[in-house]
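Structural features, examined
So the chains spell out like this:
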Amino acid sequence: MIDAQAGDVIMVNPGEMHDGQPLHCEMRSWQMLYFSAQQLAIAADAANLSPFGQTLLPPASQDPQLAGCIVRLIALLQASDTTALAQDEAEDRVHGSGVNADRW
């Protein structure tokens, strides 16, 4: 059970389940991004982490830098004029912020 607040980033590792049910019967909404296990493995390798046999990501983060990177990526994905390069760069910033063991 993860108790996250508004503005927190919730992360689910490859193979984990997320039921989508908010705690305490509170109404919530969120936006979700999906990164393939391969994308996470590449990011983990770049951060010198092993993607196999260990948890890559904490279940929740209150890191404003990571949250900001995700908000920017979502905005780029929703914009009709986003270039592939801009999207790739935004994804790299999310991976760099999200898969960094020193932050937790």
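Computed from a prediction, not measured in an experiment: that's the story for all the values here. (Residues numbered from 1 in each chain as written. Predicted model: local features only at pLDDT ≥ 70, side-chain atom pairs only at ≥ 80, totals over all residues. Heavy atoms only, no water.)

1. Section: the layout of surface pockets
Counted as a void, the largest pocket has a volume near 1000 Å³. Every residue lining the largest pocket is counted, 35 residues in all, and those nearest its centre are V9, I10, M11, Q31 and M32. Where the lining of the largest pocket is concerned, the elements lending two or more residues are β1 (9-10), α1 (37-46), α2 (64-78) and α3 (84-98). Per-element tally for the lining of the largest pocket: the top contributor is α2, with 5 residues. Of the residues in the lining of the largest pocket, the class split is 22 nonpolar, 10 polar and 3 charged. (1 Å grid on protein atoms, 1.4 Å probe; cavity = no way out; pocket = protein on both sides within 12 Å on 5 of 7 lines; lining within 4 Å. Points joined across faces, edges and corners; volume = space filled by probe spheres on them. Helix = DSSP H or I, 4+ residues; strand = E, 2+ residues; numbered from the N terminus. Nonpolar A, V, L, I, M, F, W, Y, C, P; charged D, E, K, R; others polar.)

2. Re α2
Taking 1.5 Å per residue, 15 residues should reach 21 Å; α2 reaches 21 Å between its end C-alpha atoms and fits that length. If you check which residues of α2 are buried, you get L66, A67, G68, C69, I70, L73 and I74. (Expected span 1.5 Å × (residues − 1). Buried < 20%, exposed > 50% of the residue type's maximum accessible area, 1.4 Å probe, protein only.)

3. Section: the confidence of the model for the protein chain
Summarising the model, the protein chain shows a mean pLDDT of 75, and 80% of its residues fall at 70 or more. Mean pLDDT values over the elements of the protein chain span from 75, in α1, up to 86, in α2. (pLDDT = per-residue confidence, 0-100.)

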